[in-house]
Amino acid sequence: MGQGLARTRPFFHYCSFLNARRSCDINISDVEKPPRAKIELGDVTPHNVKQLKTLNTVVFPVSYNEKFYKDVLEVGELAKLAYYNDIVVGAVCCRVDTSENSRRLYIMTLGCLSPYRRLGVGTVMVEHVLRHVEKDGNYDNVYLHVQVNNTGAIDFYKKFGFEIHETKKHYYKRIEPADAHVLQKNLRPPALTNGIISHNERHHHNEKFNHHDKKSHDHNHHNDKHLNERNSSHHHHHDKKNSDK
């Protein structure tokens, strides 16, 4: 304490002297301002994949096997590390899913270290994914799984047009709650598949035309339960498929 005060005295004495001449005003424009935060995305390569492994270990409650990381190295623009002022603080990893007679992009993981959340890192990663599917032009939708109690992540994705598509019971095996919402952003209008309309497509179809026949309206809504948030991570979800059992 004494040393700190001793170091400041010469400055205050100098200012007191200048104050007598009314010239001790500090011009804020002359003070160097801190640099604006720089958020960038970089490729995942064999040289930095260990950083991705370390990041996932810290951010997610499950671990991923070697096949996950081998596949990530081969997806190109679908896997990115997020840098905040040149420091690795987050990552997003996706894969192409051709199930259900459609071409879909699945966000396997998207996470950010806790001290760097709410600074725009997650937004940069999601916008990268959406730009990719828009440029490709051949995806039906983008989807991901989120724990049902992770309201922060759910609200975050809803800002980008994602909606709760369905709820998977007992999706996770080693974490609670085990249920997961499937959040989905449709990129194309619903289409008939072999003459059959899916549950959600039927709901929207009937809702659109219920003024012609109210009896045809399907009221099978998902019962979205707002559970208390136990995990406060904002841009934080994970896929169980490639996690170690």
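Bear in mind the structure is a predicted one, so any value in this text is a computation, not a measurement. (Residues numbered from 1 in each chain as written. Predicted model: local features only at pLDDT ≥ 70, side-chain atom pairs only at ≥ 80, totals over all residues. Heavy atoms only, no water.)

## Here's the deal with the pattern of salt bridges
- By the definition in use, this model includes 11 salt bridges.
- The salt bridge partner of glutamate 66 is lysine 53, with a shortest N-O separation of 3.2 Å. Of this pair, glutamate 66 sits in helix H3 (residues 66-72) while lysine 53 sits in helix H2 (residues 49-59); the two residues are 13 residues apart in sequence, bridging distant segments of the chain.
- In this structure glutamate 66 comes out as exposed when scored by relative accessible area, which is 51%.
- A relative accessible area of 25% means that lysine 53 is categorised as partly exposed.
- Residues arginine 104 and aspartate 97 are paired through a salt bridge, measuring 4.0 Å at the closest nitrogen-oxygen approach. Taken as a pair, arginine 104 and aspartate 97 share a single burial class, namely buried.
- Each of Asp43, Glu77 and Lys80 takes part in salt bridges that share partners, so that together they form one network. (Salt bridge = Lys/Arg side-chain N within 4 Å of Asp/Glu carboxyl O. Helix = DSSP H or I, 4+ residues; strand = E, 2+ residues; numbered from the N terminus. Buried < 20%, exposed > 50% of the residue type's maximum accessible area, 1.4 Å probe, protein only.)

## A word on the nonpolar core
- Grouped together as the largest cluster of nonpolar side chains are 28 residues, with contacts concentrated most on Leu105, Ile107, Tyr157, Phe162 and Leu183.
- Those elements giving two or more residues to this core turn out to be strand E2 (79-84), strand E3 (87-97), strand E4 (104-112), helix H4 (121-136), strand E5 (141-147) and helix H5 (151-158).
- Here the element with the most residues in this core is H4; it accounts for 6 residues.
- With residues up to four places along the chain from it excluded, the contact list for leucine 105 reads Leu78, Cys94, Arg95, Val96, Val129, Val133, Tyr139, Asn141, Val142 and Tyr143. (Core = buried A, V, L, I, M, F, W, Y, C linked by side-chain atoms within 4.5 Å. Contact = heavy atoms within 4.5 Å.)

## Section: the pairing of E2
- Within E2, 6 of the 6 residues are buried, which leaves it mostly tucked inside the rest of the structure.
- With burial as the criterion, each face of E2 is covered, one bearing Ala79, Leu81 and Tyr83 and the other bearing Lys80, Ala82 and Tyr84.
- Here 5 bridges tie strand E1 (residues 39-43) to E2, and the two strands are oriented antiparallel to one another. Paired with glycine 42 across the bridge in E2 is leucine 81.
- As defined by bridge partners, E2 adjoins E3 across 6 bridges and the pair is classed as antiparallel. If you follow alanine 82 over to E3, its bridge partner there is glycine 90.
- In this antiparallel pair of consecutive strands, E2 and E3, the connection spans 2 residues, and asparagine 85 shows a positive phi of 50°. (Pairing = 2+ DSSP bridges.)

## Quick word on the sheet that holds E2
- The strand order across the open sheet built from 7 strands is E1-E2-E3-E4-E5-E7-E6, with neighbouring strands paired in mixed fashion. Strands at the two margins of the open sheet, each flanked by one partner only, are E1 and strand E6 (163-168). Averaged over all pairs of adjacent strands, the angle between their axes in this sheet comes to 30°, without regard to strand direction.
- Running over the sheet, H2 touches E2, E3 and E4 and is turned about 95° from E3.
- Of the strands in this sheet, E4, E5, E6 and strand E7 (180-186) touch H5, which is tilted by about 165° from E5. (Axes fitted to C-alpha atoms, helices over the stretch in contact; angles between N-to-C directions.)

## A few points about unusual backbone geometry
- Backbone torsion omega between glutamate 176 and proline 177 reads -5°, so that peptide bond is classified as cis.
- Its place among the elements puts proline 177 in the loop between E6 and E7.
- One non-glycine residue, asparagine 85, lies in the positive phi region at around 50°.

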